[in-house]
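# Structural overview
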Amino acid sequence: MNINAEILNENGKGYLIIKDVKSSEIKDIQIGSPLAKRNAKNSLEITFKDKGGNESVTDSIKLRPESIKFVSNDINGYKIELPASVNNTLYRESNRFNSSFSVSVREFEIETGQIVGETYNLFAPVTKSLELMIEPPSLEKENIGALNNSTLSNTALNGAECTVQESVIKDGPINYQNTANSKKKSILPLILIILLILLALGVLGYFLFNYLNSKDATAGDMSKQALEQVDDSNKADENKADDTDTQALDDASKANENTAVSAQSSSTVNGCSISNPNDADLIKACIQASVSSDEIIELSIKAFANNRCNLGKRLFSSIGRKDGDVAFAYAKYFDKNSSVSSQCEQKNEKMAIYWYEKAYSLNESDEAQEALSKLKGE
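What this report covers is the structure whose coordinates are included nearby. (Residues numbered from 1 in each chain as written. Predicted model: local features only at pLDDT ≥ 70, side-chain atom pairs only at ≥ 80, totals over all residues. Heavy atoms only, no water.)

Moving on, we come to the packing of aromatic side chains. Per the stated rule, a full pass over the model turns up eleven aromatic pairs. Counting every residue linked through ring pairs, the aromatic cluster contains F304, F316, Y330, Y333, F334, Y354 and W355. The ring of F108 has K62 sitting right over it, with the charged end atom 5.3 Å from the ring centre. Above the ring of Y15, the side-chain terminus of K79 is found at 4.7 Å from the ring centroid. (Phe/Tyr/Trp six-rings, centres within 6.5 Å; stacked < 30°, edge-to-face > 60°. Lys NZ or Arg CZ within 6 Å of the ring centre and 35° of its normal.)

Next comes the structure, spelled out in structure tokens:
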């Protein structure tokens, strides 16, 4: 069959578009409603390579059916949401490969992992520049890895097309490196310099000792006194080095203790507060503090109330993908039947349905099901 492909960015997320293909040509993916996707037998495995297909850019990725959508209008094919890690790999490698890749597409059985049907090798240029997506530890790895029935039974409904701005940090991913480890690394050059100085003093003392022993008795007495002075100097330097090492290790230990205490302290102390003016620092602090769903919802509401719309959207949409309570709270802003409102979001039936379905899939909440039925007029 004649298939065309492209890679593009849409609302801060990366997508692989496979054009001009009939849904029946890839047999049992069962693209459609979320309930149909849960019963899917097959899905797709994709691998990105260089334009010539000689060098692999990513590992093989087995996709969840809910990340694949069949679009019948101008695309007439599949719109596949790329996992954040794959999006970021293609983003970083775009310059190296001149924004041109090839993609290998294969269909596989979800239960056995066995490849079925043909393998299609498609040319896939980047037609709209990708953006770097955040990969926080607690929110990552939504689509990557081999699938099984247990995984599919608990999967979130990520298939709906969403226009919400995702959590994107354009100046690079958050650095979660432990500050105590950084301090330990910083004292290594100092210890190495001290050891070299001590070694040099030892060599100098050895040659000085031999030189002075060749003199007469008077000079010998003087050399003995000189050696004693050198030895005293060596001891002073050694004691100083010991004091320096001890102090550095104490500092590193205190940094570890402070880091542990900070992780257990209140979210306000470590920056997870509306008073923090930097969105990226605030989100990082909230992740490190492992704040509760109620705290995230309260912080998002405050962000909307203080006209920090982008912060509120990032908190709601990112954490709502893994937390049913947060997803349910966000859905109310779009629900025309709800009194919850903000100038940051407009009433939108499609978005309300998406977030209510997300909340129900995570918590099986009766409230979410009732609101969803009411919205759909069922």
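The subject of this paragraph is the state of the cysteines. For the structure shown, the criterion picks out two disulfides. Across a sulfur-sulfur distance of 1.9 Å, C272 and C286 are joined as a disulfide pair. One quick way to see it: the torsion about the S-S bond of C272 and C286 is about 90°, and its sign makes the bridge right-handed. One end of the pair, C272, is in the loop between helix 5 (217-264) and helix 6 (279-289); the other, C286, is in helix 6, and 14 residues separate them in sequence. On the basis of relative accessibility, which here comes to 7%, the residue C272 falls in the buried class. With a relative accessible area of 3%, C286 lands in the buried category. (Disulfide = S-S within 2.5 Å. Helix = DSSP H or I, 4+ residues; strand = E, 2+ residues; numbered from the N terminus. Buried < 20%, exposed > 50% of the residue type's maximum accessible area, 1.4 Å probe, protein only.)

Right, let's get into the side chain of R321. Looking at the element boundaries, R321 is found in the loop between helix 8 (309-320) and helix 9 (324-334). Looking at R321, the relative accessible area reads 5%, which means it is buried. Side chain to side chain, R321 and Y354 meet in a polar contact 3.0 Å long. (Polar contact = N/O pair within 3.5 Å; in protein donor to acceptor, adjacent residues only side chain to side chain.)

Along an α-helix, residues three or four apart share an orientation, since each turn contains 3.6 residues. Of all the positions in helix 11 (residues 366-376), only A368, A371, L372 and L375 are classed as buried. End-on, the buried residues of helix 11 take up no more than an arc of 100°, which puts them together on one face. Projecting away from the buried face of helix 11 at angles above 90 degrees are the exposed residues D366, E370 and K374. Structurally, helix 11 contributes buried residues whose contacts are with helix 9 and helix 10 (349-363). Between the side-chain oxygen of the N-cap and the backbone nitrogen of E367 there are 3.2 Å, and the N-cap of helix 11 in question is S365. Positive backbone phi, approximately 75°, marks G377, located one or two places after helix 11. (Arc of directions from axis to C-beta. Contact = heavy atoms within 4.5 Å.)

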